[in-house]
Amino acid sequence: MRGIFSVLVENKDGVLSAISGLFARRGFNIDSLAVGTTDQRDISSMTIVSTGDERTISQIEKQLNKKVDVIKVRRLDETRTVELEMLLIKVAYSATNRAALIELCSVMGAKIMHVSPKYMIIEMASDPESIEDFIMLCKPFGILETQRTGTIAMAKK
Amino acid sequence: MNGAEAMVRCLQEEGVTTIFGIPGVAIAPFYEAIYNQDSIRHILVRQEQAAGHAASGYARISRRPGVCVTSSGPGATNLITALATAYADSIPVVAITGQVNSSLLGRDVFQEADMRGATSSFVKYSYLVKDVDDIPRVFREAFYIANTGRKGPVLIDIPCDVQAQKLEKAFSYPENVDIRGYKPTARGNKSQMDKVIETINKSMKPLICAGGGVILGNSETEIRSFCEKFNIPLVSTMMGIGVMPKKHPLYFGMLGNNGKPYANRAVSGADLLIIVGARVADRAVPKPDALEQRLKVIHIDVDSAEIGKNLGPTIPLVGDAKLIFRELLNADIHIDTENWIRTLEEFKKNTVDTRVFSEKLVNPMTLVTTLSEKMDDDGIYVADVGQNQLWSADNYVMKNGRFLTTGGMGTMGYSIPASIGAKYAAPDKQVVTVVGDGAFQMSMYELGTIAVNRLPMKLIVVKNRYLGLVREHQEKVYQGHYSGVALYDYPKYDKLAESYDMEYFHVDSNDALPEALDRFLSCDKAALMVCDVDSSDKTK
Ligand SMILES: Cc1ncc(C[n+]2csc(CCOP(=O)(O)OP(=O)(O)O)c2C)c(N)n1
Ligand SMILES: [Mg+2]
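Visitor: I'd like to hear about the domain arrangement of chain B, residue by residue, with values.
Guide: Residues and elements named next belong to chain B. Considered domain by domain, chain B is made up of domain 1 (3–164), domain 2 (190–349) and domain 3 (364–532). Averaged C-alpha coordinates put domain 1 and domain 2 at centres separated by 36 Å. Taken residue by residue, the interface counts 10 residues in domain 1 and 9 residues in domain 2. When the two sides are added together, the surface that domain 1 and domain 2 hide from each other amounts to roughly 800 Å², 49% of it contributed by carbon and sulfur. For the domain 1 face of the interface with domain 2, the top three residues by lost area are Arg63, Arg150 and Lys151, together amounting to 63%.

What follows is the structure, given as structure tokens:
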């Protein structure tokens, strides 16, 4: 199963490594990790997505809670959560499929950020599943490079 | 006031009177501040690992955090094994390590070691102090974190220049601690509490399994009273030895791999297991998953992450054992356990030990029994690691004393320095150390500390001329291919004792044992007793 954690931590040095170290040491997966500051300067927010059985996911929650620099851990319910991820993708095109690529972007709500004679850099912000779909649909054109930010998430209530 | 003086002030504010350590240039300002005061005594050990273990022994007996100090680099890295040991056993220790000047951090200069990084999985929390005015807050928090919730070691790494800097603000020791991410739970949740009481009331064959957390939470009295009031039997883990006197009618021994067969049969026979302050680690319960299918489990621990880590669905109760059992004592519980207790007594009576011990030399079981019976009622028995640890745990006759050992990490060489710490915490109590000939040689440098400070330590070396526990394993699993385990006849213990001004005793038969022990225990000064044990004697 998938566990999405929204974690508020002290914005101090060493905290990110303490958290990632915890995952490494206990053999927990990190599928995605996104870190940023919050509206309070001394607090950072992390969204961590992991997979594992129920015992593992609940251990992750407890072990995160145990960390002194972790202020709050929320395990988000997938069905009541807005998830967002950013993608930058460099896709090759030719004269014959150029229109098809532009069409795909507009259907999927992706934005073309840069066009050069051989490739385009496309940006997309969406839920992780749509991002996956979009990457798959880009494959036939030829993907030159991708960058993803990792998921950020917020509970609907 | 400079940083170092502030550090000393903080220790005084915490009521610290004894610290263990070894100086170096990176911690020199602190040692200068120690020199200029007289309420804190510094005990110079001979290797930094011993400073950590001594702080641990001190903490366990004084029931307050123990403090150790080292320099930077190798001095600090030498401490890591002791921190890992304290962490595994949840012992409150505050470790202060000197660090290179803050302007040089991260440049790999002489004797720089990244201590926060190196210890990250062995400490409960760590600080690198960069601002001298943070010292009071950091110390206040460090002692608080070490000694609350699930206890454990906390590291304060402090650059040399920060120790030497003048404080900008006037020194003030914070009264309260406010760490927003750290609020240990003390009281049990009310509805969980009700569920626990209801479950106990439904049970016919309840059993308490007490771990080291009971002792760390100072809750022995409460748990004993609870068992007595409701007639509930108790078994313990190795770290829980001492929760009940051995001869208590409701005590059914240590469970686990190396425990009493009747304690394990009690676990198999129970319909409700109440685990308190124990990790349910592999050495105590080899197949925890099999347990949970059979019986109901209530798991009480200060550390919520401990619950359900090794054992599946249980009734969790997070909180401080002392408070919880105080409440449970007044709960509406009425169960009849007469028959169950009778069954357990039967188990106990019908257990026969089929092990054969060499009759020519000292029987290690007899040694432990005779020794612990002869010890003062409130004496402290410190056991090392190896075969001797298992014989100690199995045969120690707990009266009103303490049994110290490392169950979590099983660090050879723990016992001698931990005993030194224990002795400083309770100078009037008898402290006896039982150690194998292998571990003795890993820690015998501490005879220097014992001699210089004229500590009347009582050390017993169980001499089987081998790294016995590994030898036993090689005998069983590798057809007696003894690989890297022979110690032979060194050192010459009589000469060693003489060179450190210790009384020396040598026992090589059961017959000579009682009288030798009497003389040994009544020595005014430090004494070393070597007991010859056959290398083929087994723990199982
Ligand atoms: C520091 C450390 N190194 C290695 C081990 C592995 N080990 C466990 S028991 C043991 C043998 C201990 O020998 P000794 O101290 O003579 O005790 P005995 O088993 O003979 O009673 C060893 C090497 C350990 N527990 N700790
Ligand atoms: Mg030995």
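So, next bit.
Visitor: Any details on the layout of surface pockets? Residues and values, ideally.
Guide: Residue and element names in this part refer to chain B. Approximately 840 Å³ is the volume attributed to the second largest pocket. The set of elements that each furnish at least two residues to the lining of the second largest pocket consists of helix H10 (212–216) and strand E11 (296–301). Element by element, the count of residues in the lining of the second largest pocket is highest for H10, at 4 residues. The residue makeup of the lining of the second largest pocket, split by class, is 17 nonpolar, 19 polar and 10 charged.

Visitor: Give me the lowdown on the sheet that holds strand E9 (residues 251–254) of chain B, citing residues and values where you can.
Guide: All names here are of chain B. With respect to topology, 6 strands assemble into an open sheet ordered E9-E8-E7-E10-E11-E12, the strand pairing being parallel. On the outer flanks of this sheet lie E9 and strand E12 (315–318), each paired with one strand and no other. Neighbouring strand axes in the sheet, compared pairwise and without regard to direction, differ in orientation by 20° on average. Summarising the sheet, strand E8 (residues 234–236) and E9 pair through 2 bridges and their orientation is parallel. Residue pairing for E9: Ser236 is matched across the bridge by Met254. Against the sheet, helix H12 (residues 261–269) contacts strand E7 (206–210), E8, E9 and strand E10 (272–276), and its axis sits at roughly 110° relative to E9.

Visitor: I'd like a description of the site of ligand 1, backed by residues and values.
Guide: Residue and element names in this part refer to chain B. In the vicinity of ligand 1 lie 17 residues, with Gln387, Gly410, Gly438, Ala439 and Gly468 positioned nearest. In this structure, a nitrogen atom belonging to ligand 1 sits 2.8 Å away from a main-chain N or O atom of Gly410. The contact in question runs from an oxygen atom of ligand 1 to an N or O atom on the backbone of Tyr466, over 3.0 Å. Within the complex, 77% of the 590 Å² of free accessible area of ligand 1 lies under protein. Looking at the shell around ligand 1, the elements that each hand over two or more residues are helix H17 (387–395), helix H19 (437–443) and helix H21 (468–477). Of the residues contributing to the shell around ligand 1, the split by class is 8 nonpolar, 8 polar and 1 charged.

Visitor: Account for a nonpolar patch on the surface, naming residues and giving values.
Guide: There is a patch of nonpolar side chains on the surface, built from Ile102, Ile112 and Val115 of chain A and spanning about 220 Å² of accessible area. Structurally, Ile112 of chain A is set in strand E6 (residues 111–115).

Visitor: Tell me about the interface of chain A and chain B, and please be specific about residues and values.
Guide: Across the boundary between the two partners, chain A contributes 19 residues, which contact 23 residues of chain B. A combined buried area of about 1600 Å² lies between chain A and chain B, and 40% of that area is made up of carbon and sulfur atoms. On inspection of chain A and its partner chain B, the count reaches 3 salt bridges. As a salt-bridge pair, Glu10 of chain A and Arg180 of chain B come within 2.8 Å of each other at their nearest N and O atoms. For the side of chain A that touches chain B, the secondary structure elements donating two or more residues are helix H2 (54–66) and strand E4 (70–76) of chain A. Looking at the side of chain A that touches chain B element by element, the count peaks at 6 residues for H2 of chain A. Looking at the side of chain A that touches chain B residue by residue, the classes come out as 4 nonpolar, 4 polar and 11 charged.

Cut-off values and rules
- Residues numbered from 1 in each chain as written.
- Chains lettered and ligands numbered in written order.
- Predicted model: local features only at pLDDT ≥ 70, side-chain atom pairs only at ≥ 80, totals over all residues.
- Heavy atoms only, no water.
- Domains from an automatic or database assignment.
- Contact = heavy atoms within 4.5 Å.
- Buried area = accessible area lost by both parts, 1.4 Å probe.
- 1 Å grid on protein atoms, 1.4 Å probe; cavity = no way out; pocket = protein on both sides within 12 Å on 5 of 7 lines; lining within 4 Å.
- Points joined across faces, edges and corners; volume = space filled by probe spheres on them.
- Helix = DSSP H or I, 4+ residues; strand = E, 2+ residues; numbered from the N terminus.
- Nonpolar A, V, L, I, M, F, W, Y, C, P; charged D, E, K, R; others polar.
- Pairing = 2+ DSSP bridges.
- Axes fitted to C-alpha atoms, helices over the stretch in contact; angles between N-to-C directions.
- Near = heavy atom within 4 Å.
- Polar contact = N/O pair within 3.5 Å; in protein donor to acceptor, adjacent residues only side chain to side chain.
- Areas by Shrake-Rupley, 256 points an atom, 1.4 Å probe, with all protein chains shown as cover.
- Patch = residues over 30% accessible without salt bridge, like charges linked within 9 Å, V, L, I, M, F, W, Y side chains within 5 Å.
- Salt bridge = Lys/Arg side-chain N within 4 Å of Asp/Glu carboxyl O.

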